[in-house]
Amino acid sequence: MTSSRAAAGSVPRKPLMSTTQIMLMNFGFFGIQYSFGMQQTAVNPIYQFLGASPESLPILNLAGPVTGLLIQPLIGALSDRTWSDRWGRRKPYFLLGAVGCSICLFLFPFVSAVWMAVLLLWLLDASNNTAMEPFRAFIADKLPDSQLARGFLTQSFFTGLGITLANLSLFVFQKIITGGTAAGIPYWVFGSFMLGAVCSIASVLVTVLSTKEIPPTPAELELLRSESKGFLSSVSEIGAAIREMPVGLRKLSLVYLFQWYAMNIYWQYVTLAAADTAWGTHDPHSQAYQEAVAWTGVINGTYNIVTFCCAFGLVALAKKIGPRYVHSVCLILAALGLAAFPMMPNKEMLLVPIVGLGIAWASIMGVPYIMAVRMIPKERYGVYMGIINMMIVIPMLIQTLSFGWVYSHVLSSSPGNALRLAAGCLFVAAVLMQWINVKKDGAPDLVDTRTA
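I will try to describe carefully the structure that is included in this document.

Rules used in this analysis
Position numbers for residues start from 1 in each chain and track the written sequence from start to end. The predicted nature of this model means local features are confined to residues of pLDDT at least 70 and side-chain atom pairs, given and counted, to a pLDDT of 80 or more, with totals for whole chains, interfaces and linings taken over all residues. Only hydrogens and water are set aside when side-chain values are computed; all heavy atoms of the structure are taken into account. Like charges are joined within 9 Å and nonpolar side chains (Val, Leu, Ile, Met, Phe, Trp, Tyr) within 5 Å, but only among residues with over 30% relative accessible area and no salt bridge; these make up the patches. To be clear on the numbers: accessible area is Shrake-Rupley with a 1.4 Å probe, and residue cover counts the displayed protein chains and nothing else. Salt bridge criterion: a side-chain nitrogen from Lys or Arg within 4 Å of a carboxyl oxygen from Asp or Glu. The secondary structure listing takes helices from DSSP runs of H or I that are at least 4 residues long and strands from runs of E that are at least 2 residues long, numbered from the N terminus. A 1.4 Å probe rolled over the protein chains alone gives each residue an accessible area, and that area as a share of the maximum for its type sets the label: buried under 20%, exposed over 50%, partly exposed in between. Only the contacting stretch of a helix is used when fitting its axis, a line to C-alpha atoms as for every element, and angles between N-to-C directions run 0 to 180 degrees. An angle counts as roughly parallel when it lies under 35 degrees, as roughly antiparallel when it exceeds 145, as roughly perpendicular when it falls between 65 and 115, and as oblique in every other case. With the far helix as reference, a near helix turned anticlockwise by less than a right angle produces a left-handed crossing, and one turned clockwise produces a right-handed crossing. Whether two residues touch is decided by their heavy atoms; if any such pair falls within 4.5 Å, the residues are in contact. Classification convention: Asp, Glu, Lys, Arg as charged; Ala, Val, Leu, Ile, Met, Phe, Trp, Tyr, Cys, Pro as nonpolar; all other residues, Gly among them, as polar. Each cavity reported here is a set of points on a 1 Å grid over the protein atoms alone in which a 1.4 Å probe fits but cannot get out, each pocket an open set with protein on both sides within 12 Å along at least five of seven lines, and each lining residue one with an atom within 4 Å of a point. Grid points are joined across faces, edges and corners, and a volume is the space filled by probe spheres set on the points. To estimate how far a helix should extend, the number of its residues minus one is multiplied by 1.5 Å. The bend reported for a residue corresponds to the angle between axes fitted to the seven residues ending at that residue and the seven starting there. Each aromatic pair joins two rings of Phe, Tyr and Trp (for Trp, the six-membered one) with centres within 6.5 Å, and gets the label stacked for planes under 30 degrees apart, edge-to-face for over 60, and tilted for any other angle.

### Comments concerning a nonpolar patch on the surface
Then step 1. Taken together, Val329, Ile332, Leu333, Leu336, Phe427 and Val431 make up a surface patch of nonpolar side chains, about 520 Å² in accessible area.
Then step 2. Those elements that place two or more of their residues in the nonpolar patch are helix 14 (323-340) and helix 18 (415-433).
Then step 3. Examining the composition of the nonpolar patch, we find that four residues originate from one element, helix 14, more than from any other.
Then step 4. Relative to the assigned elements, Ile332 resides in helix 14.

### Digging into unusual backbone geometry
Then step 1. A positive phi angle, near 55°, is found at Ser412, a position not held by glycine.
Then step 2. Its location among the elements puts Ser412 in the loop between helix 17 (381-409) and helix 18.
Then step 3. The exposure class of Ser412 is exposed, given its relative accessible area of 59%.
Then step 4. In this model, Ser413 sits at a positive phi of 55°, which is unusual for a non-glycine residue.
Then step 5. Mapped onto the fold, Ser413 is located in the loop between helix 17 and helix 18.
Then step 6. In this structure Ser413 comes out as partly exposed when scored by relative accessible area, which is 30%.

### Re the packing of helix 13 (residues 287-321) against helix 15 (residues 354-364)
Then step 1. Interaxial distance between helix 13 and helix 15 falls to 7 Å at its minimum, and their mutual angle equals 50°. Classified by the angle between their axes, helix 13 and helix 15 sit oblique to one another. The two elements helix 13 and helix 15 meet at a crossing, and its hand is right-handed. Along its contact with helix 13, which presents Ile299, Thr302, Tyr303, Asn304, Val306, Thr307, Cys310, Ala311 and Leu314, the element helix 15 presents Ile354, Val355, Leu357, Gly358, Ile359, Trp361, Ala362 and Ser363.
Then step 2. Here the residues of the contact of helix 13 with helix 15 are counted per class, giving 12 nonpolar, five polar and no charged.

### As for empty space enclosed by the protein
Then step 1. One pass over the structure, following the stated rule, counts three cavities of 30 Å³ or more.
Then step 2. In this structure, the largest cavity is lined by 24 residues; those nearest its centre are Phe36, Gln39, Asp125, Trp267 and Met396.
Then step 3. Mapped onto the lining of the largest cavity, the elements with two or more residues apiece are helix 3 (28-49), helix 5 (63-80), helix 7 (114-142), helix 12 (247-279) and helix 17.
Then step 4. Tallied by class, the residues present in the lining of the largest cavity amount to 12 nonpolar, 10 polar and two charged.

### Points about the environment of Ala339
Then step 1. With respect to the helices and strands, the residue Ala339 is situated in helix 14.
Then step 2. Given a relative accessible area of 30%, Ala339 falls into the partly exposed group.
Then step 3. Along the chain, Ala339 and Leu314 lie 25 residues apart, while their C-alpha atoms are 24 Å from each other.

### Quick notes on helix 5
Then step 1. Taking 1.5 Å of rise per residue, the 18 residues of helix 5 would be expected to cover 26 Å, and the 25 Å separating its terminal C-alpha atoms lies within 8% of that figure.
Then step 2. Helix geometry: helix 5 is bent most strongly at Leu69, by close to 25°, with proline Pro73 lying one to four residues after it.
Then step 3. Most of helix 5 sits out of view: 13 of its 18 residues are buried.

### Focus on the packing of aromatic side chains
Then step 1. Scanning the model with the defined rule gives 22 aromatic pairs in all.
Then step 2. Ring geometry for Phe108 against Phe193: centres 5.3 Å apart, planes inclined by 10°, an arrangement best described as stacked. Here Phe193 lies in helix 9 (residues 188-210) and Phe108 lies in the loop between helix 6 (91-107) and helix 7, a separation of 85 residues in the sequence. Each member of the pair, Phe108 together with Phe193, is buried.

Here is the structure:
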């Protein structure tokens, strides 16, 4: 099956795209990442507003790794086998995920119990994963090798922009909206979630309406129509792709084990670390803790501002010195920042070490994909992008299931120690990155057939 699909898709058909075209095709990533920004910054404080303990936060975030593990590979396999003359290959999944995100974001601030928040998080994360995976494959579908770095790092740019808006909205709305629900949810949280509901669907519509997908050749279309498109067939395709995974991707999975374990720690405990470091409080019902939640929005917004400011600069660096060196240096900068975070004397100084994480986040969201897409056949972009996401969510699942015990029994229930452990994991990932050897340059440029 694989060889026949490769033969059918062997003719190069990818024209170079202008910067504007690349920006438009990635604009939907902005809304998806706004939604992820709300998950990263607002969901864990909501759990605590509703009475959840710090030790329970990892297990309450089980939705992220589980839905990513199950949904992204399946959506990837399904989208590889999809074609509609009206809707295309990836666009139906963009739209389905964006609608789900908007509905869940709208409903989230109305929760009145932890179980309600957990249920909505599962639905929200499932929707995010449905929309996000095809966006990765969309880049590989549309762009020639010479523009892959720009394409994936444009997604990093919109990642930073979307999450920045999500986080800064928390800070701004806290200043202008007062009061709260009977369940303890501040009304200022509503503003951020409602804005996200609009951004999720609107930004995806921009991409859907502005960017056409490349239609399959007659041979590819005949093959797509002859293949089974059922659930079991997609599961079988995922299994086959895992068995045939290139060696470089297997090595990347070890880097991801430490990288994403660390990132999950950060997202779960940054608010607690900020509250402990700058406000000296652990009480989720105190005014000081609410200020820490809003300031965490500024912290996360700061690192994402850094992300979209440096994303395009990493394109040039990746081409000049190679993506693995760029990624290692970026991870080391993040490790140094997280190690220093608990030692900062006040809330303003917390913004200084987080710059390193912002540089690393730009690399995390783009550079490894530059390497990965050069290792996989074009006819399997979707399924392998889903498998790469499995490499992300399995470490997150391990962290979710293990870290509650580690936090209580090894780290003395200290959020500062949690961030120090995350820093150590990022440093290990940086070292392991040098184990991967992928050529610096892609295939020669195709003929530039852009229209004015």
